[in-house]
Amino acid sequence: MWNIPSKDRLANIPKLYETESILCKDKLIYLHFFIGACDWYVAEYDGEELFFGYANLGDPQYAEWGYFSFEELKEIKINGWLEIDCETEESWTVRKASEIKEIKNL
């Protein structure tokens, strides 16, 4: 994985279920992972392995909110060499899901 988020950056993400009372469109998105046409947006983190957020695996019609594994994201490769990336702190601004044009189904 390129640009693995720092421990400090991960520590700023709300724990799982902390934002449960917040509508999905109003949840803050703290990280954006991507590879090819696939995107994962992180709103919550268990502090070890599990993220909650929005995933689009290349077809916006089937994109959805749910849980995904940090370890599994790290292992994704295309053709054995192209790895998943995480937008750096300099290029990613924490913002509401509704402010991200790629997030649908709000």
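Residues numbered from 1 in each chain as written. Predicted model: local features only at pLDDT ≥ 70, side-chain atom pairs only at ≥ 80, totals over all residues. Heavy atoms only, no water.

## Considering the overall build of the protein
Right, on to step 1. Along the protein, the regular secondary structure elements total 2 helices and 9 strands.
Right, on to step 2. For the protein, the α and β elements follow one another from N to C terminus as α-β-β-β-β-β-α-β-β-β-β.
Right, on to step 3. For the protein, the spread of C-alpha atoms along the principal axes amounts to about 40 × 35 × 25 Å.
Right, on to step 4. Counting all 106 residues of the protein, 42% fall into the buried class.
Right, on to step 5. Intrachain contacts of the protein at a sequence separation of at least 6 include 56% that bridge at least 24 residues.
Right, on to step 6. Each charge class in the protein was averaged separately, 11 positive and 21 negative side chains, and the resulting centres sit 5 Å apart. (Helix = DSSP H or I, 4+ residues; strand = E, 2+ residues; numbered from the N terminus. Buried < 20%, exposed > 50% of the residue type's maximum accessible area, 1.4 Å probe, protein only. Contact = heavy atoms within 4.5 Å. Lys, Arg positive; Asp, Glu negative; His and termini not counted. Charge placed at Lys NZ, Arg CZ, Asp CG, Glu CD.)

## Re the sheet that holds strand 3 (residues 38–45)
Right, on to step 1. The sheet built from 5 strands is open, its strands ordered 5-4-3-2-8 with antiparallel pairing. Pairing within the sheet leaves two strands with one partner each, and these edge strands are strand 5 (64–69) and strand 8 (85–86).
Right, on to step 2. As judged from the 2 bridges shared by strand 2 (residues 31–35) and strand 8, these two strands associate in the antiparallel manner. Bridge pairing in strand 8 links Phe33 to Cys86. (Pairing = 2+ DSSP bridges.)

Remember, this is a structural readout, not a statement about activity or role.
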